[in-house]
Amino acid sequence: MRILFSVVACLLFSQVYAQDCSNTFKGKVVDLHDNTVLVGATVILAGLEQAVLTNINGEFTFSNLCIKDYTFQVSHPFCSTKAYTIKVNGDTNKTFYLEHHLEELNEVALSGKAFNSLTKTANESVIKKETIDNFSSKSLADLLESVSGVTKLSTGNSISKPIINGLHSSRVVIINDGSRLKDQDWGIEHAPNLDVNSISRVTVIKGANALRYSGDAVGGLIITESNKIPVKDTIYGSTILSLHSNGKGGTVSSNLTQSFESGVFASVQGTLKRFGDFNSPDYNLSNTGFFERDVSLKFGLNKFSYGVTGSYSYFKNSVGILRASHLGGASDQIAAISSPKPLFIDDFTYAINNPKQEVTHQVYRLNAFKKLNKLGKLNVQYNYQKNKRLEFDIRRGDQENVASVDLELSSHNVLLDLETKLNSTGDYLKYGVSLSYQNNYANPETGVRRLIPDYDAFEASVYGVYSANLNDKLTFEFGSRLDYRNIDALKFYRISFWESRNYDVLFPHLVVQEYDNQILTNPNLTFVNLSGATGLEFKIDDFQTLKLNYGLASRAPNPSELFSEGLHHSASRIELGDLSFKPEISHKIAFNYERKGETLAFNFNPFIQFVNRFKVLEPTSVEQTTRGNFQVWSYRETNAKLYGLDIDVTYKPLKNLEINQQFAVVKGYDDSNKPLISLPPVALNNTINYTIKKLKQLKLTLQNNYVFEQNEFPNTNFDVFVPTTQTFQTVDLSTPPSAYFLTNFKVSMPLNLSNNQTLNVGLFVDNVFNISYRNYLNRFRYYADDLGRNISIQIKFNY
Amino acid sequence: MKTIKLLSLVAILALTFSCSSDDVNPLPVNEEELITTVKIVLTNSTNLSESVTLTYTDLDGDGPDAPVIINGNFNANTNYTGTVQFLNETETPADDITLEVKDEDDEHQVFYSFSNALNITATATDVDVNNNPLGLEFNFNTGAVSSGTFTLVLKHEPAKPNTGILDAGGETDVEVTFSVSVI
């Protein structure tokens, strides 16, 4: 940086000096760390005592300057003030780099360090607030798709969860403001219970390398953080309103923060999302509306050497499940799959009828930190999370209003971390312990056998991470973690299943009590898992970085993999777990070449991963019942290998033109070289941003996504006799849908209302050409097309 | 300061884990909507003392045990009156689900189908509140000597009226198949 300054200075001094006071100085203020523009920074021209604020693009202008040295004082709420002396000679442009001092200002945000020093050598991708705001009406998984190598696994259009490098559900760990999100992450149709509007930054780590948070992130980690709060007297907030044509609904989200120089602060945030039935290009998708209500409160005290924060958040979502997806056995499946249109299409409605989900997630959190002499920074956190999940089915008579699934998952978690700086060159040691107690309660009033049993789980973990700068260019990192997990369950088995699995011989000691055709058992399982990560980071020069890392992750089997036993209504299949499962162990080696630059930025990220005892859920047989034939899906263990490549290129041929190209491929096989199920097909995403400065910074964005047909998939089709037609027919559950090409378009314009207020108006068109398509990773692809064109308007007001 | 922190942590932990041990066993859930048994009684219209009973029983529901099926034989060129009953026999006394179907007769319909070689036809004789066929009671007419399969399907929320099972849609609540002969 200093070199750059001297170069600039030399250039300036070499100019011919002349007395002229009609020069314009144009400046831009950006964050030194990640080159984000800093909006609302105050720039004071010393001597003249003129002050301006940077606009939405971080830019400011001073006119009528003479040819001489001027001192500019640049300050921003999140940065320490800096002064620069610049020689103005003719119309001059200059970019100022300010350093964010979030750690010093806001130590209490325990996860504040997550993105800059949590993993030195792992592949991290960051999504910033500006992008997050565009997804105000969408889900976390929708937002994460903007990272190459991250896709989503959907159940219809409103329930989706992220897939990182081909892996999802219990293999992807979500950390929200320093706490692991403890919702019911095992199910494919269980979306993460998190409001995107409550977060201001997301980091995706494609690997298990963030050992501070978990050792079982076989797929990767998603770290979300809420707003940082400045230590100064201020009150600020923002409101986003979005209205959408598809679903005839919208979102309103608001937040307000009051903070004081003393370090005291309070913040409140709330979101309402309401949508009716969505539609595909050709028909209404009946019963796909949703209603989401979220609120969060945060208050605390921030001092330089200590701080305390308390927070509460409430998330509630009622989601309709596509009516045409509600089926009986194989005969219904054949009829639904072979029909080009859904077999149930009704008129548009806002009503959310059965089948539906009602999910509530509450988090109570208390954070504290203290800087201790010599030892470093001590963080303590306690959080209590309560997740309530209700699933309503289409039922007979009085049962209509009784949930078929009624689960309450409560978790108490205590974390203690210590971060010790070893020397002035940046070497550090981080270590900590965490304890967690979890209880799952399955309400027996449902009149449906429990899918997930009652259980108590206890976890204790200890970790340590060491990072050393070997020289100016080379950083070494090593970390290790030990997790103890005990799960004490009370599970009812059908006697017929218990005996067919030979459990009566293998686990007779687990039986507690026998009922008519069921037995109560008490599986008590203990898993001790070791995980670790090590890596190297090599800075080739100011622009280029090479990273090589290895991650060892161990994941204990989840309740679904262990205890499933019975009909999963929403999937119209019988799912069977296995009590004898052991943890799966993953070894992932990833390489990352990163080039940062004004005109060309490049990220090249290949990986290879071996997972021992990888749990897969696959069809194994067909079961005859009074409701007809049902496919039986059983969990089994295999040794899987996955490899892939993510590429992300950003090219800026002109100052106002940016072209971004992403490419992602992942391949995975089991130990008999059969492809793994539900791996994302190859995808190409292209985004072109063009800014017209003369038209008040009007920004045009054109996005083209090409998704290939998945050509590698396991054949899970099965033949059944359909008595009504007297024929054997194939239930084609495996053939992937064709490739498709989607175009999205966006126009947005920032408007400066006053010094502290900005308004951003945007018009979005998704699926511009109203293409009918089906997505391999949407479980409802059998029954209906995906979403048609959506036109939306978004108004964003910062104050 | 440090000791206070540690003490508070211990207190939190104590609170957390002290309330976790309750030794009350959970109650088993008996599937309330489960249909374990389909019982079809076919009575000879001209000789009421002669009847054939077909039953399909699967007491473990979607568990691994195979169903127990009692098939039957019918006289050629004979008219039978049929009734079907849906039972949950995991409860004592058995729960008669047929009553629930009758209560919501507009949301249900019973369909019958026969393999091509089998000379039997069946038609519903009862109707729902909207005068659409319900099918819990039906006429069952046999023709010449033959054998094949007879399938009975109960649909929940089918499109009503309809021209038959193929355009009825809805969800299959019952689908049972019997081997039958006309002798």
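The structure displayed is predicted, hence computed values, not measured ones.

**Student:** Got a minute to help me understand the overall build of chain A in this structure?
**Tutor:** Scanning chain A for helices and strands turns up nine helices and 44 strands. Relative to its length of 799 residues, chain A is compact, with a C-alpha radius of gyration of 28 Å against a globular reference of 28 Å. When its C-alpha atoms are laid out on the principal axes, chain A stretches across 100 × 60 × 45 Å. Buried positions account for 59% of the 799 residues belonging to chain A. Sequence-distant contacts in chain A: of pairs separated by 6 or more residues, those separated by 24 or more amount to 66%.

**Student:** Is there a simple way to explain a nonpolar patch on the surface in this structure?
**Tutor:** Residues and elements named next belong to chain A. Among the surface-exposed residues, Leu241, Leu243, Val252, Leu272, Val761, Leu763, Ile791, Ile793 and Ile795 lie close enough to one another that they form a single nonpolar patch of about 670 Å² accessible area. For the nonpolar patch, the secondary-structure elements that each account for two or more residues are strand S15 (234-244), strand S43 (757-766) and strand S44 (790-798). For the nonpolar patch, the element with the highest residue contribution is S44, accounting for three residues. The residue Leu241 is located in strand S15 in this model.

**Student:** What exactly am I supposed to notice about the interface of chain B and chain A here?
**Tutor:** Frequently, the measure chosen for interface size is the accessible area that the parts lose on association. Between chain B and chain A, the contact holds 56 residues from the first and 57 residues from the second. Across the chain B/chain A interface, buried area totals approximately 4,900 Å², and carbon plus sulfur atoms make up 54% of it. In this structure, the connection of chain B to chain A is made through 16 residue pairs in polar contact (both at pLDDT 80 or more). Put simply, the parts of the chain that give the side of chain B that touches chain A at least two residues each are helix H1 (2-18), helix H2 (98-103), strand S7 (108-114), strand S10 (146-156) and strand S11 (171-182) of chain B.

**Student:** Would you mind going over the pairing of strand S33 (residues 573-576) of chain A with me for this structure?
**Tutor:** On a regular strand, one side chain projects to one face of the sheet and the next to the other, so that they alternate. Residues and elements named next belong to chain A. Burial along S33 is two-sided: Arg573 and Glu575 and Ile574 and Leu576, pointing in opposite directions, are all buried. Here strand S32 (residues 565-568) pairs with S33 via four bridges, running antiparallel. Paired with Gly566 across the two strands is Glu575, which belongs to S33. Counting the residues between successive antiparallel strands, the hairpin from S32 to S33 contains four residues, one of them, Ser572, with a positive phi of roughly 35 degrees.

**Student:** Honestly, the pairing of strand S5 (residues 79-88) of chain B in this entry has me stumped. Any pointers?
**Tutor:** Residues and elements named next belong to chain B. For strand S1 (residues 37-44) and S5, the ladder comprises eight bridges, and the chain directions are antiparallel. Paired with Lys39 across the two strands is Gln85, which belongs to S5. Summarising the sheet, S5 and strand S9 (residues 137-142) pair through five bridges and their orientation is antiparallel. By the bridge assignment, Gly82 is partnered in S9 with Phe138. Here S5 runs beside strand S6 (residues 95-96); their pairing, made up of two bridges, is antiparallel. Bridge pairing in S6 links Leu87 to Asp96.

The rules we used
Here the residue numbering is sequential within each chain, running from 1 through the sequence in written order. Just so you know, chain letters begin at A and ligand numbers begin at 1, following the order they were written in. Selection of residues for local features in this predicted model requires a pLDDT of at least 70, selection of side-chain atom pairs for listing and counting requires 80 or more, and totals for whole chains, interfaces and linings are taken over all residues. Calculation of side-chain values draws on the structure's entire complement of heavy atoms; hydrogens and water are dropped beforehand. Strands here mean DSSP runs of E at least two residues long; helices mean DSSP runs of H or I at least four residues long; both are numbered from the N terminus. As a reference, a globule follows 2.2 Å times the number of residues to the power 0.38, and the radius of gyration itself is taken over C-alpha atoms. Working definition: with a 1.4 Å probe on protein chains only, accessible area under 20% of the residue-type maximum means buried, over 50% means exposed, and in between means partly exposed. In this analysis, two residues are considered to be in contact whenever any of their non-hydrogen atoms come within 4.5 Å of each other. Within the patch definition used here, like charges are joined within 9 Å and nonpolar side chains (Val, Leu, Ile, Met, Phe, Trp, Tyr) within 5 Å, considering only residues with over 30% relative accessible area and no salt bridge. Areas reported here follow the Shrake-Rupley algorithm with a probe of radius 1.4 Å; residue values treat only the protein chains shown as occluding. Any Lys or Arg side-chain nitrogen located within 4 Å of an Asp or Glu carboxyl oxygen qualifies as a salt bridge. Note on definitions: buried area is the accessible-area loss of two parts on being combined, 1.4 Å probe, summed for both. Side-chain atoms alone can form a polar contact between residues adjacent in sequence; in general such a contact is a pair of N or O atoms within 3.5 Å, and within protein one must be able to donate a hydrogen while the other accepts it. If DSSP finds at least two bridges between two strands, the strands pair.

Function-wise, these values are silent; they only describe arrangement.
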